[in-house]
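A closer look at the structure
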Amino acid sequence: MKPRALRNLAVVMLLAAAPLALGQSGGVLHFCLHGEPKTFNPILVDDEASENIRYLTGGVLIRLNRQTQALEPGLAESWHVSKDGRTITFRLRKGLHFSDGTAFTSEDVGYTMKTLMDPQVHSPTGDAFRSGEGAIDVQTPTPDVVTITFPASVAGLERLFDQVAILSVHSPQKEMAVLGPFYVSEYKAGLYVELKRNPNYWRRDAQGHPLPYLDGIRLDIQRNRDIELLRFRRGELQLINRLDAESYQHLQKDDPNVARNAGAGLDSDHIWFNEVPSAPLAEYKKAWFRTTEFRKAVSLAINRDDICRIVFAGYAKPAYGPVSPANRFWFNAALPAPKYDPQGALRLLIQAGFRFANDELRDKAGNRVEFTLVTNSGNTVREKMAAMIQQDLSQIGIKVSVVTLDFPSLIERMTRTFDYEACLLGLVNTDLDPSGVMTVWLSSGENHQWNPNQKNPATPWEAEMDKLMREQASAIADKDRKKKFDRVQQIIYEQQPFIYLVNRDVLTAVSPAVVGVAPTVLNPQAFWNADVLQLGPAPQLGAQK
Amino acid sequence: MSAKRGLRICATFMLCAVGLLALGANIVAPYSYAHQFRDLPSSAPTATHLLGTDTLGRDMFSRLLYGTRVSLLLAPAAALLATLIAGVLGAAAGLLGGWWERSILAITDLSMALPLLFLLIALRAMLPLNVESVVSVVATFLMLGLLGWPSALRVVWAATRNIRQSDFLLLARSSGSGPLRLIFRQVLPNLRPVLLAQFWISIPVFILTEATLSMLGLGVMEPLPSWGNLLRGLEDFPAVSANPWRIAPLVLLILVVICFQLILPSQEDSV
């Protein structure tokens, strides 16, 4: 080949690669919502599907970077929180417009916050801001400055604004006018939601090119995960946000580039014993469940590594406590790693007055130690975990009967009749901040599962947890809050009211055609950076198989 | 010997063999059905594990034997209970007519209209949690027997109506036989082929219903195996295609159902 021909070929190749390098990919990204979105009004969002649409369409003042877990300026260039934690002042970006061309001003922020905090609206997002009695005060001295004052200090105030998509006060399209990277262009109930690129989106890439790169996103409504996987394999979808370990394993065998593991996530699976005084259980069983040594022994006798390896095919990590190490700021790194020590468990039980003979554990009164572990039916992963716990505890002489119940029956027993002995369930954590789980840790909380809705704390350590949780919620400095919440984690580790088992890995599937994907453990895992995602120059849908 | 008779003998022999193996599970099974070999999860068949191990490392051959015992022994018991209820009530409705007939058929129609699955879910939710596995298994099949009679009753009722005006019943009535005596001494013996057919039909139906219940987390509880919870292993299709020996419980279930169908008295036999 002549030198000129070679030069021409190089130019052609460079031109071919140019669109991707310049970020002009275009194209429509396809993936699934796992339910019908209940609303497109960002103030009223209460379900995962609507939450995903809010994330893709809503413009927020402050954005939590899902990768670094740090707060970044969004529609607000900067912000300042007062020393008493009640007032936040935003300086807004100038010259921004909603998707329909309406100008964005501080008036829109004021309107959004007032709507959000209106008790008549019943906004789930607004509930997080409700720290005390009284209305909020919003001042808009100039079009680019807004000051919001709350009746009482709000813990982690800035972080809460990540959920607040700004509405337009003047747009005739109302909540359909958005400031995020995409806007909803079409919705067919039960079929799909189509999002189109917002031409007025404020963000630009490092080279100054307007974002987002994609022309749009098509979200097919598909509840069946097997069909979703099948469509991904066929190439009809380019992304699956959450995968179970088995599907992930199969995909990885087919094509290791497609399956992505973001590491241990925030969600945990745990067991707890029913410590409700009025529960219809035998008194001697209630006494075991209230004994710290008994709970610690059960925790020590469970082989979490085996659960991770066998049930989750290695795609889970033994859980330390209520906070996953994935929650970088709030995780108490001083907690010791979970141990598997059946002999140590037996020693603890014997110290507490239990007797072990003929492979059976008995209490002081000679009652055989046995309990029923309930979990939700149809969840094969939890059923396998329960079977493994059953075998592990049999080694220290405890007989466990596993019962699976349909979810409504299980909830009825957990919250109303308290007719159960031990329960295996999981907790979905979407909030990094401990203030989001106050109802779990306060003894008066309805999600304080081992003994909910207490009028007065039943134990000194629960009283201490109440005090610490309230103090951290009213403290302003994150450092002080962290110190208090570290102590709460320490108490949970020492007392084991919840026996934490595993943190599941966040597993996703992404077609090689999608460029720029960096799955994280925070929701929305695979498309948190949708505004910078690109489709390759010759988009190949999905995996090849 | 006709081919049909030969097939029937084969089917009977096969069922007996499976039944004996299941009954002798304690002796034949190499391991406990619950023991987890955690270093060998999902292993392929070997000399030590003839059908490999399940995802928790439990020996599949041992579990299949114990599971067969649970499903194969209790399903006929449930079928017998359902057929007895259907026989007595169906014969009473067909023979007595009038208010009795209308009431029994109304109850039957209501039972058929009720979604059996939801009823079973509700009943299971009402049971105490701390019941032994054996009690749970027996309760499941008892529920199947107590709730599985309506369709058989319709058949028995129709057959009884056909013989209601027959001479032998007229003769029995004229000689002073009361309704109970008529049902148990005259009607039911004459409906024996129908009752037998209903009994044989119900067995595979109950086995499959138990399989469905186990797949929903009802019925037989872990770690006790049944065909139902063994069949749950087939939900993971890619894993099954990669490990075809996992279909052993399904093959055995199909084989047993076919055997039952083969030994079932056909219409020609009744004639």
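The following refers to the structure shown. Throughout, a residue's number is its position along its own chain's written sequence, starting from 1. The order in which chains are written sets their letters, starting at A; the order in which ligands are written sets their numbers, starting at 1. Where local features are concerned, this predicted model is filtered to residues with pLDDT of at least 70; where side-chain atom pairs are given and counted, the filter is 80 or more; whole-chain, interface and lining totals use all residues.

**Overview of the overall build of chain A**
- A tally of helices and strands in chain A yields 16 helices and 21 strands.
- Between the two quantities, the radius of gyration covers C-alpha atoms and the globule rule is 2.2 Å times the number of residues to the power 0.38. In terms of C-alpha radius of gyration, chain A reaches 26 Å, essentially the compact-globule figure of 24 Å for 545 residues.
- Considering only C-alpha atoms, chain A reaches an extent of 90 × 65 × 40 Å along its principal axes.
- Residues are called buried when their C-beta atom has 20 or more other C-beta atoms within 10 Å, exposed when it has 12 or fewer, and partly exposed otherwise; all C-beta atoms are positioned from the backbone. Across the 545 residues in chain A, those meeting the buried criterion constitute 46%. The way it works is that DSSP assigns letters per residue, a run of H or I at least four long becomes a helix, a run of E at least two long becomes a strand, and they are numbered from the N terminus.

**Digging into the environment of Arg-487 of chain A**
- Turning to its location among the elements, Arg-487 of chain A is positioned in helix H16 (residues 478-495).
- Between the C-alpha atoms of Arg-487 of chain A and Trp-202 of chain A, which are 285 residues apart in sequence, the distance is 42 Å.

**Brief notes about the packing of helix H3 (residues 60-96) of chain B against helix H4 (residues 98-113) of chain B**
Residue and element names in this part refer to chain B.
- The contact between H3 and H4 brings their axes to 7 Å, and the two run at 140 degrees. The angle between H3 and H4 places the two elements in the oblique class. Between H3 and H4 lies a crossing of left-handed hand. Contacts between H3 and H4 involve Leu-89, Ala-92, Ala-93 and Leu-96 from the former and Gly-98, Trp-100, Glu-101, Ile-104 and Leu-105 from the latter.
- Each residue gets one label: Ala, Val, Leu, Ile, Met, Phe, Trp, Tyr, Cys and Pro are nonpolar, Asp, Glu, Lys and Arg are charged, and the others, such as Gly, are polar. Among the residues making up the contact of H3 with H4, the classes are represented as seven nonpolar, one polar and one charged. Orientation is described by axes fitted as lines to C-alpha atoms, over the contacting stretch for helices, and by angles from 0 to 180 degrees between their N-to-C directions. Just so you know how the angles are binned, under 35 degrees is roughly parallel, over 145 roughly antiparallel, 65 to 115 roughly perpendicular, and the rest oblique. Each crossing is labelled by how the near helix is turned from the far one, with a counterclockwise turn of less than a right angle marking it left-handed and a clockwise turn marking it right-handed. Residue pairs are scored as contacts if the distance between their C-beta atoms, which are placed from the backbone, is within 7 Å.

**With respect to the interface of chain B and chain A**
- Facing the 17 residues of chain B at the interface are 23 residues of chain A.
- Residues of the side of chain B that touches chain A, tallied by class, amount to 10 nonpolar, four polar and three charged.

**Remarks on the pairing of strand S7 (residues 145-149) of chain A**
Residue and element names in this part refer to chain A.
- The alternating pattern of S7 places Val-146 and Ile-148 on a buried face, while none of Val-145, Thr-147 and Thr-149, on the opposite face, is buried.
- Two strands qualify as a pair provided that DSSP identifies no fewer than 2 bridges between them. Bridging between strand S5 (residues 87-92) and S7 involves five bridges; their strand directions are antiparallel. Paired with Phe-90 across the two strands is Val-146, which belongs to S7.
- Note that strand S6 (residues 137-142) and S7 share four bridges and pair antiparallel.

**A look at the environment of His-30 of chain A**
Residues and elements named next belong to chain A.
- Tracing the backbone shows His-30 in strand S1 (residues 28-33).
- Each C-alpha atom of the pair His-30 and Phe-232 lies 9.5 Å from the other, and the pair is 202 residues apart in sequence.
- Residues in contact with His-30, not counting those within four places in the same chain, are Arg-218, Asp-220, Glu-236, Leu-237 and Gln-238.

**A look at the pairing of strand S10 (residues 216-221) of chain A**
- Examined bridge by bridge, S1 of chain A and S10 of chain A share six bridges and lie parallel to one another. Across the sheet, residue Leu-33 of chain A finds its bridge partner in S10 of chain A, namely Ile-221 of chain A.

**Remarks on helix H3 (residues 106-117) of chain A**
All names here are of chain A.
- The first and last C-alpha atoms of H3 sit 17 Å apart over 12 residues, in line with the 16 Å expected at 1.5 Å per residue.
- The set of residues buried in H3 consists of Ser-106, Asp-108, Val-109, Thr-112, Met-113, Leu-116 and Met-117. Along the long axis of H3, the arc covered by the buried residues comes to 155 degrees, so they all point the same way.
- Against the buried residues of H3 lie S5, helix H4 (124-127), S6 and S7. Here a helix's expected span is defined as the number of its residues, less one, multiplied by 1.5 Å. Think of the arc as the fan of directions from the helix axis to the C-beta atoms.

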